[in-house]
Amino acid sequence: MTGNILLNGKKKRLEYGAVAYVTQEDVMLGTLTVRETLTYSAHLRLPTTLSKEEVKDIVEGTIIEMGLQDCGDTVIGNWHRRGISGGEKKRLSIALEILTMPKMLFLDEPTSGLDSASAFFVVQSLRNIARDGRTVVSSIHQPSSEVFALFDDLFLLSGGETVYFGEAKMAVQFFAEAGFPCPSRRNPSDHFLRCINSDFDAITATLKGSQRLRDKPTSSDPFMEMATAQIKSALVEKHRDSKYAKMARARSQEISKIEGLEVETKSGSQATWWKQLTTLTKRSFVNMCRDVGYYWARIVIYILVSICVGTVFYDVGYGNTAILARVACGAFITGFMTFMSIGGFPSFIEELKVFNKERLNGYYGVAAYTLSNFLSAFPFLVTISLITGTITFYLVKFRSGFSHYAFFCLNIFFSIAVIESLMMVVASMVPNYLMGIVTGAGIIGILMMTSGFFRLLPDLPKIFWRYPISYISFSSWALQGAYKNDFIGLEFDPLLPGDRKLTGDEIITKYFGVSVDRSKWWDLTAVVVILICYRLIFFIILKMKEKASPFLQEIYAKKTLEHLDKRPSFRKVPSLASSKRHQPLHSLSSQEGLNSPLH
């Protein structure tokens, strides 16, 4: 679609600050309360120069304006905790966007899924916003008569053509003048949709069939005898030269001539980058603390699995059979136990949805989000690593010494962090949760195969599996470091009694193909480098998706138009008056005679 965007008659872009958009889906962190959600959003977007008291006053004023006082300290709600109602959630979505006092507010079907009372309160809140001097533009889904009465103006579109544009209360009169009066006991909005929505033709055909089956006389309803396309065509022709269209054109031209109506726009959030980072970190940490599925469930599972590993390999000793036991235990800890980190993927998906929405609305940058996510998760990862490391290290009785214990815990920490970073990369690329779990598990499984446990590193096929897969696999580096940390400096019983004892260096070199030329700390550094690379890849993907988004949306729009062309409401039928309206579609502004003053 092409056309001009005019704000008060001047050609403008719909930029941040002047315009806000409320999506149909309410995307918020369910663990936060209404007041916390608004407060964090205010700190992310409002100027850093504002004091805490000033921000608090703005938040409280918004809560009062949207009628959310009763649920201000109630959590929004998620999969394991009940929260606010659907209507309150919708009003909160609106409250988030009016924090910055935009001049225009667009809403996509704000009453979808709500009962009549909740829908009324939502639209009543929008009416209050409009009375405050702001413009509210909303598509509406099947409004009740009470909700419809709250609207000032009505813009009816069908197939991209204007059916009516003017005062909402005058629409009934226009339809009556066009020969399609609204029955006295019918909701006006239902009548308007019945006149212009071709999907009702199927209903009419069904009703006719049922009447014939019952031998009932043909209904006197005019809609039973006329196709919706004919009715719509008559309405479009009637409106084009009607007094309502002339009034709309005159009013628009009158506004465009008024001087001093420049709309102020901002380049983005007015908060500093550091303020955004600290706010995002605090919010994400609170969310992780309150979401049972994010880390707490995993901590419990890690404790149970650690106890199981520790008791199975308890006091493994230095016998000959202990060699394979130590290797298997190290491989299980650095491989399978870190694999459990994918358990937090569903919670991260929900957080990523919030990021996508807030990023599109200009709340903050990609860098601040990427770094804040790692900082907020850091305490939990440390907790998991220390608990897992302490239980298994001292129950299995790996090589004693604080430096060995510290390396053991650090190795677990960075391995888990790598898995989480990898799953973040997967989440940014796949369309849904199920695909993410399958893809992530498959990638981790491939990386684990080249760790050097299932097949020794020197024996891996040189092409692809040894170079480069084993080198970019965190598990191969983590496992080599674990071998060195445990075996070097120890001696083990020989296979046959009387032979000399086997040294740890000899075992990992000859039997497990691990070179001791480099330090275990070098192996740990390689894991850290892989972690940083995954985070950078995640950052780059998010940035590239922003750049590629317009191109992808264009492709999606073309496919959508191809699909819509097949619908009855988009099929072109002969006009009752003339065929002029079947010329190529023009912009809405040109249809109303409102071409840009710049042309």
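Owing to the predicted nature of the structure, the values given are computational and were not obtained by experimental measurement.

Draft legend 1. How the structure looks around the overall build of the protein chain. The helix and strand tally for the protein chain stands at 22 helices and 11 strands. For the protein chain, with 599 residues in total, the buried portion stands at 45%. Surface accessibility of the protein chain: about 30500 Å² in total, with carbon and sulfur atoms responsible for 61%.

Draft legend 2. Here's a closer look at the packing of aromatic side chains. All told, the structure shown has 37 aromatic pairs when counted by the stated rule. Measuring from centroid to centroid gives 6.2 Å for Phe 393 and Phe 398, while their planes differ by 35 degrees, and the two rings are tilted. Both residues of the pair, Phe 393 and Phe 398, belong to the buried class. Ring centres 5.8 Å apart and planes at 45 degrees place the aromatic pair Tyr 483 and Phe 512 in the tilted group. With Tyr 483 in helix 19 (residues 474–487) and Phe 512 in the loop between helix 20 (504–511) and helix 21 (520–564), this residue pair connects regions lying 29 residues apart in the sequence. One exposure class covers both Tyr 483 and Phe 512, and it is buried. Every member of this aromatic cluster is reached through a ring pair, and the members are Phe 148, Tyr 164, Phe 174, Phe 175, Phe 192 and Tyr 244.

Draft legend 3. Region of the structure containing the pairing of strand 5 (residues 135–139). When strand 4 (residues 104–108) meets strand 5, the two strands line up parallel, connected through 5 bridges. When the bridges of strand 5 are listed, Phe 106 appears paired with Val 137. Note that the unit made of strand 4, helix 4 (residues 116–131) and strand 5 has a crossover that is right-handed.

Draft legend 4. Broad picture of unusual backbone geometry. The residue after Tyr 467, namely Pro 468, is reached through a cis peptide bond having omega 15 degrees. By the element assignment, Pro 468 lies in strand 9 (residues 467–468). Phi at Glu 109 takes a positive value of approximately 45 degrees, unusual for a residue other than glycine. Examined against the element boundaries, Glu 109 turns out to sit in the loop between strand 4 and helix 4. By relative accessible area, Glu 109 is classed as partly exposed at 24%.

Draft legend 5. Quick look at the pairing of strand 4. In this sheet, strand 4 lies alongside strand 3 (residues 19–22) in parallel orientation, the contact comprising 4 bridges. The residue bridging Val 19 from the neighbouring strand is Met 104, located in strand 4.

Draft legend 6. Representation of the packing of helix 16 (residues 402–427) against helix 19 within the structure. Two elements in contact, helix 16 and helix 19, have axes whose closest approach is 10 Å; the angle formed by their N-to-C orientations is 170 degrees. In this view, helix 16 runs roughly antiparallel relative to helix 19, as classed from their interaxial angle. Contact residues: helix 16 offers Ser 403, His 404, Phe 407, Phe 408, Asn 411, Ser 415, Val 418 and Ile 419, while helix 19 offers Phe 474, Ala 478, Gly 481, Ala 482 and Asn 485.

Draft legend 7. Spatial organisation of the sheet that holds strand 5. Pairing in this open sheet of 3 strands is parallel, and the strands run 3-4-5 from one edge to the other. In this open sheet, the two strands that pair with only one neighbour each are strand 3 and strand 5. The mean angle between the axes of side-by-side strands here comes to 15 degrees, regardless of whether they run parallel or antiparallel. Along the sheet face, helix 3 (residues 86–98) touches strand 3 and strand 4 and points at about 160 degrees away from the line of strand 3.

Draft legend 8. Seen up close, the UniProt feature "transmembrane region" (unreviewed entry) in the protein chain. Mapped onto this numbering, the UniProt entry annotates "transmembrane region" (unreviewed entry) at residues 295–316, 323–349, 369–396, 405–427, 433–457, 464–483 and 521–542. End-to-end, the C-alpha atoms of residues 433–457 are 34 Å apart, and along that stretch the chain is 68% helix and 0% strand. End C-alpha atoms of residues 521–542 are separated by 32 Å, and the span's content is 100% helix alongside 0% strand.

Draft legend 9. Representation of the pattern of salt bridges. Enumeration over the complete set of coordinates arrives at 20 salt bridges. Two residues, Arg 35 and Asp 73, come together in a salt bridge whose shortest N-O distance is 2.6 Å. In this pair, Arg 35 is assigned in helix 1 (residues 34–45) and Asp 73 in the loop between helix 2 (52–65) and helix 3, connecting sequence segments 38 residues apart. Since its relative accessible area comes to 22%, Arg 35 is described here as partly exposed. Take Asp 73: its relative accessible area is 62%, and that puts it in the exposed class. Close ionic contact of Arg 251 with Glu 254 constitutes a salt bridge, the shortest N to O distance being 3.1 Å. Here Arg 251 pairs with Glu 254, and both are found in helix 10 (residues 243–256), just 3 residues apart, close to one helical turn. The class for Arg 251 is partly exposed, based on a relative accessible area of 45%.

Draft legend 10. Focus on the nonpolar core. Counting 97 residues, the largest nonpolar core has Leu 38, Ile 94, Leu 105 and Tyr 369 as its most contacted members. No other element matches the 16 residues that helix 16 contributes to this core. Among the domains, domain 1 (19–209 + 224–255) and domain 2 (273–551) are the pair contributing at least three residues each to this core. Those residues in contact with Leu 38 that sit more than four places away from it in its chain are Val 59, Ile 63, Leu 92, Ala 95, Leu 96 and Leu 99. Judged by nonpolar contacts, the second largest core, of 18 residues, contains Phe 148, Leu 154, Leu 156 and Phe 175.

Draft legend 11. Representation of the packing of helix 11 (residues 273–290) against helix 15 (residues 366–396) in the model. Viewed as axis vectors pointing N to C, helix 11 and helix 15 meet at an angle of 40 degrees, and their least axial separation amounts to 8 Å. As the angle between them shows, helix 11 and helix 15 are arranged oblique. Crossing geometry of helix 11 relative to helix 15 is assigned as right-handed. Across the interface between the two elements, Trp 273, Gln 276, Leu 277, Leu 280, Thr 281, Ser 284, Phe 285, Met 288 and Cys 289 from helix 11 touch Ala 367, Ala 368, Tyr 369, Leu 371, Ser 372, Asn 373, Leu 375, Ser 376, Ala 377, Pro 379 and Phe 380 from helix 15. The residue makeup of the contact of helix 11 with helix 15, split by class, is 14 nonpolar, 6 polar and no charged.

Draft legend 12. Geometry of helix 13 (residues 320–339). The terminal C-alpha atoms of helix 13, which comprises 20 residues, lie 29 Å apart, in line with the 28 Å expected from a rise of 1.5 Å per residue. At Phe 332, helix 13 is deflected by roughly 35 degrees, the largest bend along its length.

Draft legend 13. Summary view of the environment of Thr 278. Residue position: Thr 278 is located in helix 11. With 97 residues separating them in the primary sequence, Thr 278 and Leu 375 have C-alpha atoms 9.6 Å apart. Polar side-chain contacts of Thr 278 include one of 3.0 Å to the backbone oxygen of Lys 275.

Draft legend 14. Structural context of the side chain of Glu 420. Inspection of the secondary structure assignment puts Glu 420 in helix 16. For Glu 420, the contacting residues outside a window of four places in its chain are Tyr 295, Arg 298, Ser 341, Ala 377 and Leu 381.

Draft legend 15. Inspection of helix 11 at higher detail. Compared with the 26 Å implied by 1.5 Å per residue over 18 residues, the 26 Å span of helix 11 between its first and last C-alpha is a close match. Taken as a whole, helix 11 has its buried residues at Gln 276, Leu 277, Thr 279, Leu 280, Thr 281, Arg 283, Ser 284, Val 286, Asn 287 and Met 288. Buried positions along helix 11 lie against helix 1, helix 12 (292–312), helix 14 (345–360) and helix 15.

Procedures and definitions
Per chain, the residues get numbers from 1 upward, laid out in the order the sequence is written. Totals for whole chains, interfaces and linings use every residue, but because this is a predicted model, local features are given only for residues with pLDDT of at least 70 and side-chain atom pairs only at 80 or more, for both listing and counting. Side-chain calculation: all heavy atoms of the structure are included, whereas hydrogens and water are not. Put simply, DSSP marks the helices as runs of H or I at least four residues long and the strands as runs of E at least two long, and each gets a number from the N terminus on. Burial here depends on accessible area, computed with a 1.4 Å probe over protein chains only, as a share of the maximum for the residue type. Under 20% is buried, over 50% is exposed, and the range in between is partly exposed. Throughout, the Shrake-Rupley method with a 1.4 Å probe supplies accessible areas, and for residues the shown protein chains are the sole cover considered. Side-chain rings of Phe, Tyr and Trp (the six-membered ring for Trp) are treated as a pair once their centres are within 6.5 Å; stacked means planes under 30 degrees apart, edge-to-face means over 60, and tilted covers the remaining angles. Strands qualify as paired when DSSP identifies two bridges or more between them. Seen with the strands pointing away from the viewer, any crossover whose path from the first strand over the helix to the second strand runs clockwise is right-handed. Interaxial angles span 0 to 180 degrees and are taken between N-to-C directions of axes, which are lines fitted to C-alpha atoms, for helices over the stretch in contact. Oblique is the label for any angle not under 35 degrees, not over 145, and not in the 65 to 115 range, which are roughly parallel, roughly antiparallel and roughly perpendicular in turn. Pairs of residues are marked as contacts when any of their non-hydrogen atoms sit within 4.5 Å. UniProt positions are given in the numbering used here, feature names are shortened, and annotations may be inferred rather than shown by experiment. Think of a salt bridge as a Lys or Arg side-chain nitrogen and an Asp or Glu carboxyl oxygen that are within 4 Å of each other. To qualify as a nonpolar core, a set must consist of buried Ala, Val, Leu, Ile, Met, Phe, Trp, Tyr and Cys residues joined through side-chain atoms within 4.5 Å. Each domain span listed reflects an automatic or database assignment of domains. Crossing handedness follows the turn of the near helix against the far one: under a right angle anticlockwise gives a left-handed crossing, and clockwise gives a right-handed one. All residues other than Ala, Val, Leu, Ile, Met, Phe, Trp, Tyr, Cys, Pro, Asp, Glu, Lys and Arg, Gly among them, are scored as polar; the first ten of these are nonpolar and the last four charged. Take the residue count of a helix, subtract one, and multiply by 1.5 Å to get its expected span. One fitted axis covers the seven residues ending at a residue, a second covers the seven starting there, and the bend at that residue is the angle between these axes. Polar contact is defined as a pair of N or O atoms within 3.5 Å, subject to the rule that within protein one atom must be able to donate a hydrogen and the other to accept it, and that residues adjacent in sequence are counted only when both atoms are side-chain atoms.

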